[in-house]
Amino acid sequence: QVQLVESGGGLVQAGGSLRLSCAASGSIFSINAMGWYRQAPGKERELVARITNGGSISYADSVKGRFTISRDNAKNTVYLQMNSLKPEDTAVYYCMTNMGSVYVMNYWGKGTLVTVSS
C-alpha cells in the first residue's frame, strides 16, 4: 500500500556534502511525521532528523548545524541535506513516515548507504 524509496547515498570525502531524497507513493494519507534514521555497523538505529505535519523539526545532537531536513508535501517527498560530513556519519540511512489518524503505522524505506572517507 505504501512504498518509500530513498536515493542520493554514495561515497564522499570528509567535509563534503550529500543530499538524500525519499519519495512516498501508494496509499498516502494523514502523514503525521517523516524522518531519517541511520544505522552504522554494530550500532543501534538512531533518529537523525524528523519533521512533523505541523512543521516541527528536530535533529540529533550529532548532526545539528550540519544537516537540514525539508519536505515537499505536494510530492510526498522528504529530503536530508548533509553538509560537513564526518566519517562518523557513515551508515545506512533509512526514510520513515508515520501515517494515520485513528489507525497509525510507521513505514520504512529499504535504506541508502552513505560512506564518508577520512
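Model, not experiment: these values are computed from the prediction.

Peer 1: Outline the environment of glycine 111, listing residues and values.
Peer 2: Structurally, the position occupied by glycine 111 is in the loop between strand S10 (105–108) and strand S11 (112–117). A sequence separation of 44 residues divides glycine 111 from phenylalanine 67, and the C-alpha atoms of the two residues are 18 Å apart.

Peer 1: With reference to specific residues and values, describe the packing of aromatic side chains.
Peer 2: Throughout the structure, instances matching the rule amount to one aromatic pair. Relative to tryptophan 108, the ring of tyrosine 37 lies with its centre 5.0 Å away and its plane at 65°, an arrangement referred to as edge-to-face. Taken as a pair, tyrosine 37 in strand S4 (residues 31–39) and tryptophan 108 in strand S10 lie far apart in primary sequence, 71 residues in all. We classify tryptophan 108 as partly exposed; its relative accessible area is 36%. The ring centre of tyrosine 79 lies 4.4 Å from the NZ or CZ of arginine 19, which sits over that ring.

Peer 1: Outline the state of the cysteines, supporting the account with residue identities and numerical values.
Peer 2: Considering all chains together, one arrives at one disulfide under this definition. At a sulfur-sulfur separation of 2.0 Å, the disulfide partner of cysteine 22 is cysteine 95. The disulfide joining cysteine 22 to cysteine 95 has a torsion of about -85° about its S-S bond and is therefore left-handed. In this pair, cysteine 22 sits in strand S3 (residues 18–26) while cysteine 95 sits in strand S9 (residues 91–99), placing the two residues 73 residues apart along the sequence. Here cysteine 22 matches cysteine 95 in class, with each residue buried.

Peer 1: So what about the nonpolar core? Which residues, and what values?
Peer 2: In terms of nonpolar packing, the biggest core is built from 28 residues, with Trp36, Val48, Phe67, Val78, Leu80, Met82 and Tyr93 touching the most fellow members. For this core, the secondary structure elements donating two or more residues are strand S1 (2–7), S3, S4, strand S5 (46–52), strand S7 (67–72), strand S8 (77–82), S9 and S11.

Peer 1: Outline the environment of alanine 33, supporting the account with residue identities and numerical values.
Peer 2: Secondary-structure assignment places alanine 33 in strand S4. Residue classification places alanine 33 among the buried positions, given a relative accessible area of 13%. For the pair alanine 33 and glutamine 3, spaced 30 residues apart in sequence, the C-alpha separation works out to 15 Å. Alanine 33 has contacts with Ile51, Thr52, Asn53, Met96, Thr97 and Asn98, leaving out every residue within four places of it along the chain.

Peer 1: Let's hear about the pairing of S9: which residues, and what values?
Peer 2: Across the nine residues of S9, eight count as buried, placing the element largely inside the fold. Two strands pair when backbone bridges link them, and S4 and S9 are joined in this way by eight bridges, in the antiparallel orientation. Counterpart to glycine 35 in the pairing with S9 is methionine 96. When S9 meets S10, the two strands line up antiparallel, connected through four bridges. Pairing of methionine 99 across the sheet is with methionine 105, part of S10.

Peer 1: If you had to explain the sheet that holds S8 to someone new, which residues and values would you point to?
Peer 2: Read from one edge to the other, the open sheet built from four strands follows the order S1-S3-S8-S7, with strand pairing classed as antiparallel. Two strands lie at the open edges of the sheet, namely S1 and S7, each paired on one side alone. Each strand of the sheet is rotated relative to its neighbour by a mean of 15°, with strand direction disregarded. Where S1 meets S3, six bridges bridge the pair, whose relative direction is antiparallel. Looking at S3, one finds that glutamine 3 is bridged to serine 25.

So, how was this worked out
Residue indices begin from 1 for each chain and proceed along its sequence in written order. Local features in this predicted model are restricted to residues of pLDDT 70 or higher, and side-chain atom pairs are both shown and tallied only at a pLDDT of 80 or more, whereas totals for entire chains, interfaces and linings draw on every residue. Calculation of side-chain values draws on the structure's entire complement of heavy atoms; hydrogens and water are dropped beforehand. Helix and strand assignments come from DSSP, with helices taken as H or I runs of at least 4 residues and strands as E runs of at least 2, each series counted from the N terminus. A pair of aromatic rings is counted whenever rings of Phe, Tyr or Trp (Trp by its six-membered ring) have centres within 6.5 Å, and the orientation is called stacked for planes under 30 degrees apart, edge-to-face for over 60 and tilted otherwise. We call a residue buried when its accessible area falls under 20% of the maximum for its residue type, exposed when it is over 50%, and partly exposed in between, using a 1.4 Å probe and counting protein chains only. A ring is considered to have a charge above it if a Lys NZ or an Arg CZ atom is located within 6 Å of its centre and within 35 degrees of its normal. Two cysteine sulfurs form a disulfide in these notes if their separation is within 2.5 Å. Put simply, a nonpolar core is a bunch of buried Ala, Val, Leu, Ile, Met, Phe, Trp, Tyr and Cys residues held in one set by side-chain atoms that sit within 4.5 Å of each other. Residue contacts are counted whenever heavy atoms from the two residues lie within 4.5 Å of one another. At least two bridges found by DSSP between two strands are what make those strands a pair. All axes here are fitted lines through C-alpha atoms, helices being fitted over the stretch that makes contact, and every angle between N-to-C directions spans 0 to 180 degrees.

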